[in-house]
Amino acid sequence: MNFEAVELRKLTFKRNALGGFRQTDVNDFLRNVADDYETYDERVRRLIEDKERMETELAAKEAGHQRRTIQLENEINELLQTIKNLEVELNQLRTQKAEWDQFEQQHLDYRDIAKMKRIAQQTLEAAEKAANKLLEEAEQKKAAIVAAAEHHKQSLLTEAEKQKQALMNQAEEERLQNLFNSKLEISTLQREQDERAVELDARQQLLEGKQRELQQLRADIHEEVKTFAGMMTATRQEISQEYTHSIEALTKKNEAVRKETTIQQQPVIHVLEPEKEVM
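Figured I'd write up the structure that's included with this text.

So, how was this worked out
Residues numbered from 1 in each chain as written. Predicted model: local features only at pLDDT ≥ 70, side-chain atom pairs only at ≥ 80, totals over all residues. Heavy atoms only, no water. Helix = DSSP H or I, 4+ residues; strand = E, 2+ residues; numbered from the N terminus. Contact = heavy atoms within 4.5 Å. Areas by Shrake-Rupley, 256 points an atom, 1.4 Å probe, with all protein chains shown as cover. Salt bridge = Lys/Arg side-chain N within 4 Å of Asp/Glu carboxyl O. Buried < 20%, exposed > 50% of the residue type's maximum accessible area, 1.4 Å probe, protein only. Core = buried A, V, L, I, M, F, W, Y, C linked by side-chain atoms within 4.5 Å.

## A look at the overall build of the chain
Part 1 of the argument: Helix and strand content of the chain: three helices and zero strands.
Part 2 of the argument: Counting contacts in the chain only where the partners sit at least 6 residues apart, residues at least 24 apart contribute 79% of the total.
Part 3 of the argument: Total accessible area computed for the chain in this model is approximately 22800 Å², and 54% of it derives from carbon and sulfur atoms.

Here it is as C-alpha cells:
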C-alpha cells in the first residue's frame, strides 16, 4: 500500500507559479491511489478464491464422508444378508426338526431312534444357540457401526459447517472492511478533488479576470503609445519646422553678415589730382 487513510487526509500538494497544483504531483497521487485500489481488489479476489477453494475442499470432504457412509451401509447390508442367511439355515434346521418330529410321530421303529432324536435335538439346540449368538453379535455390531458412523458423520458435518461459516464470516468481514476502507478513501479523495476543483475554478476565474485586466491594460498602453507616438510625431514636426526656420534665419543672418563683411573689405580708391605748377 502506498497510502494510509490518515496520510490521505493530511496529504498536500505543492503549488506552481500560478498558484495551482503541479500536474506531476497530482498524477503520481492518482496513480498511487489506483495502485492501492487494485491491491484491495486483488485481496478481495484472493479471499473469494480462498472461499471457493475451501468450499471445494468441504464438498470433497462431504463426498468422502458420503462414500464412507455408503461403505458402512454396504457393510450393514452384508451383515443383514448374513443374518438372513443364518435365519434361512435356522429355518432349514427347524424344518428338519419338524420332519424329525413328524417322523417320530409316525412311530417308525428304527434302531437307535432315541439316540438319533437326542443327537438331532442337541444339534438343533446348538444351531439355535449359534444362530441366536450370531444374530445378537450382528445386531450389536450393526448398532455400534451405525452409531459410530452417525456420530462421525454428525461430527464431520458440524466441524465442516463451523469451518465453512467461520471462513465465510472472516472473508465477508475482510471484504466488507476492505470495501468500506476503499469507499471511504475514494470518497475522501473525491471530496478533496472536488474542493481542489472548486479552488482551481476560483483561481482560474481570478486568472481570467487578471488576464482581462492585463488585456485591458495592454489596450490602454497601446492607445497611450499611439497617442504618445502621435505627440512625438507632432513634436518632431514642430522641432523640424523650428529647425528649418532656425536654419533659414541663421542662413539669412549669415548672408547679411557676409554682405556686411564684403562691403567692409572693399579697397579705398584715392583719386590723384594733377600737381599745380609753382610759379
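Moving on from the model shown.
## Re the pattern of salt bridges
Part 1 of the argument: On inspection of all chains with the given rule, the structure shows six salt bridges.
Part 2 of the argument: Between R53 and E57 there is a salt bridge, and its shortest N-O distance comes to 3.1 Å. Taken together, the positions of R53 and E57, both in helix 2 (residues 23-105) and four residues apart, correspond to about one turn of that helix.
Part 3 of the argument: Using a relative accessible area of 40% as the deciding quantity, one classes R53 as partly exposed.
Part 4 of the argument: According to the relative accessible area criterion, E57 is partly exposed, its value standing at 39%.
Part 5 of the argument: The network of salt bridges with shared partners includes E42, R45, R46 and E49.

## Re the nonpolar core
Part 1 of the argument: Counting five residues, the largest nonpolar core consists of L72, I76, L79, I145 and A149.
Part 2 of the argument: Mapped by element, the contributors of at least two residues to this core are helix 2 and helix 3 (113-264).
Part 3 of the argument: Of all the elements, helix 2 adds the most residues to this core, at three residues.
Part 4 of the argument: The contact partners of L79, leaving out residues within four places of it in the chain, are K141, K142 and I145.

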